[in-house]
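# Fold and geometry: a report
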Amino acid sequence: MTLRLVEFVVAGNEASDLLPVRSAALLRAHGARRGFWTVLDEGPVEQCLALLLERADGEWVAHHVAADAGPENGRTEDGEALAHHDGWVYVFGSHFGSKAGPLRPRRAFVARFREDNAARRTLPLHVVRNRFRLHRAVNDALAAAPLTPLPPGERVRQRFIVETLARGTARAKSWVSRLAEDDLPLNVEAAAFTPAGTVLLGLRFPVTAEGEPILVEVAGVADMFGEHPGWPRAVGAYALTGVTPAGTLTGFRAVAPTPDGGYAAVIGSIDAVGKGSVLLDDHPHGGEVTSRHVRFRHDVGPDARVAGKLVAELAPFHHVEGLAELDGRCYYVTDEDHRVALWLG
């Protein structure tokens, strides 16, 4: 596959995920014929939304979107995944921590906004921090599924789970009741809503004992934003089979719905090499993995497996963070230092 590179500088930061703009009003406001949302993965979410836009003359430009999260300004970090649902754009935090742990409550959030409102000067953004409720629901779903997750390794367990429990207990945080010492740390990297209104969360970690990426289906995400808020609940956990190279570990990097009712995805390494990752200290065969573009349908077998199909090898890239299949073309965004790189297929 031959790709063309378009580079941007957006707040001196790198990008995560790629979501097509659906709002005609928003495209008109910028004189654009198409565009994508991306989320910058450092800083609070209200400072990390950006548009990548193709103008009518074919020129690509980036627009850093000013947003206001009200009382939640400055209280989140590490937005990773974007998804459309019912006229809203949802932003999911990683629910993870730094590469050496511990888990960070600031990353356990979901935010949403009306896309049409992004044509205004300041975008109203509703943020809900779940204080490890989603962590608990997903861990319970993993424990109940007929899957065997890869054991995290003693160093990972100590850094991400035991240390988080110790810090929370020392600070008398109520969320410690939602963590258990045998939990798996979650790294949410991808999200796509189903026609039923549930969301498929693609995990970069954990993976299965066979090294395959895991999807967790979650219901009730929209209920978090209601007048009388509820909390999400996990419906099931599934393994994507047939797309992981032998002897490696792969996690999700992106998931996007396709017009035929299926899903496209990027799978790749469970963490970045050379950046002090304790995950890779325990599982080095999960690092030197190049990205792959795959497809699947939400057809779950009795063994909680979903069959995947390889679309394209994205070597030599190790760090594809988002994809979109739009108007017969493929678009990818890669995680680059201090810049945003959009690749056009």
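Below: a short report on this structure.

Calculation rules
Residues numbered from 1 in each chain as written. Predicted model: local features only at pLDDT ≥ 70, side-chain atom pairs only at ≥ 80, totals over all residues. Heavy atoms only, no water. Helix = DSSP H or I, 4+ residues; strand = E, 2+ residues; numbered from the N terminus. Rg over C-alpha atoms; globule rule 2.2 N^0.38 Å. Buried < 20%, exposed > 50% of the residue type's maximum accessible area, 1.4 Å probe, protein only. Contact = heavy atoms within 4.5 Å. Areas by Shrake-Rupley, 256 points an atom, 1.4 Å probe, with all protein chains shown as cover. Lys, Arg positive; Asp, Glu negative; His and termini not counted. Charge placed at Lys NZ, Arg CZ, Asp CG, Glu CD. Bend = angle between axes of the 7 residues up to and from the residue. Pairing = 2+ DSSP bridges. Axes fitted to C-alpha atoms, helices over the stretch in contact; angles between N-to-C directions. Salt bridge = Lys/Arg side-chain N within 4 Å of Asp/Glu carboxyl O. Polar contact = N/O pair within 3.5 Å; in protein donor to acceptor, adjacent residues only side chain to side chain.

### Thoughts on the overall build of the chain
Each helix and strand in the chain was counted, giving 4 helices and 22 strands. Radius of gyration (C-alpha) of the chain: 19 Å, near the 20 Å computed for a compact globule of 345 residues. Principal-axis analysis of the C-alpha atoms places the extent of the chain at approximately 55 × 45 × 40 Å. Taking all 345 residues of the chain together, 57% fall into the buried category. In the chain, once contacts between residues fewer than 6 apart in sequence are set aside, the share between residues at least 24 apart is 60%. As presented, the chain carries roughly 13700 Å² of accessible surface, and 49% of it is formed by carbon and sulfur atoms. The averaged location of the 43 negative side-chain charges in the chain is 4 Å from the averaged location of its 37 positive side-chain charges.

### A short note on the environment of M224
Mapped onto the elements, M224 comes out in the loop between β14 (214-219) and β15 (233-241). The spacing of M224 and R34 is 190 residues in sequence and 31 Å in space, taken between C-alpha atoms. Beyond its immediate sequence surroundings of up to four residues, M224 is in contact with V110, V128, N130, P229, G230, W231 and P232.

### What to know about helix α3 (residues 154-170)
By the largest-angle criterion, V162 marks the main kink of α3, which is about 30 degrees. Turning to α3, its buried residues are V156, F160, I161, T164, L165 and G168. Buried positions along α3 lie against α2 (133-144) and α4 (278-282). At the exit of α3 stands A172, carrying a positive phi of roughly 55 degrees.

### Concerning the sheet that holds strand β3 (residues 32-40)
Strand pairing in a sheet takes place through backbone hydrogen bonds and is either antiparallel or parallel in direction. The sheet built from 4 strands is open, its strands ordered β2-β3-β4-β5 with antiparallel pairing. The sheet is open, and its two borders are formed by β2 (15-20) and β5 (60-65), each paired with just one other strand. Shown here is a sheet whose adjacent strand axes are inclined to one another by a mean of 25 degrees, direction ignored. Relative to strand β4 (residues 49-55), β3 is paired through 7 bridges, and the arrangement is antiparallel. Residue pairing in the sheet places V39 in a bridge with L49 of β4.

### What to know about the sheet that holds strand β1 (residues 4-8)
Strand order in the open sheet formed by 4 strands is β1-β22-β21-β20, and the pairing between neighbours is antiparallel. Because the sheet does not close on itself, it has two edges, and the strands there are β1 and β20 (320-326). Strand-to-strand twist of the sheet, defined as the mean angle between neighbouring strand axes without regard to direction, takes the value 20 degrees. With 5 bridges joining them, β1 and strand β22 (residues 339-344) adopt antiparallel strand pairing. Its bridge partner lying in β22, R4 is registered against L344.

### Here's the deal with the pattern of salt bridges
Once the charged atoms of two side chains with opposite charge are near each other, the side chains can pair. Following the criterion strictly, the structure yields 25 salt bridges and no others. Residue D140 pairs with R136 through a salt bridge whose shortest N-O separation is 3.2 Å. Taken together, the positions of D140 and R136, both in helix α2 and 4 residues apart, correspond to about one turn of that helix. Beyond isolated ion pairs, a larger network of salt bridges with shared partners links R33, R34, E54 and D327.

### Description of the pairing of strand β18 (residues 292-296)
By the criterion of burial, β18 is predominantly enclosed, with 4 of the 5 residues buried. Bridging between β18 and strand β19 (residues 305-313) involves 5 bridges; their strand directions are antiparallel. By the bridge assignment, V294 is partnered in β19 with L310.

### With respect to the side chain of H95
The topology assignment puts H95 in the loop between β8 (88-93) and β9 (109-114). We classify H95 as buried; its relative accessible area is 2%. Polar contacts involving the side chain of H95 include one to the main-chain carbonyl oxygen of G93, which spans 2.8 Å.

### Digging into the side chain of S94
Looking at where S94 falls in the secondary structure, it is placed in the loop between β8 and β9. Engagement of the side chain of S94 in a polar contact is seen with the side chain of D78, the distance being 2.6 Å. Other than its neighbours up to four places away in sequence, S94 contacts D78, E80, R107, L186, N187 and V188.

### Observations concerning the environment of P105
Mapped onto the secondary structure, P105 falls in the loop between β8 and β9. Put simply, P105 and R75 are 30 residues apart on the chain and 9.3 Å apart in space, counted from C-alpha to C-alpha. Contact partners of P105, with chain neighbours within four places excluded, come to F132 and W175.

### Quick word on the pairing of β22
Counted residue by residue, β22 has 5 buried out of 6 residues, so it is predominantly covered. The hairpin turn running from strand β21 (residues 329-336) into β22, its antiparallel successor, is 2 residues long, and H338 in that turn takes a positive phi close to 60 degrees.

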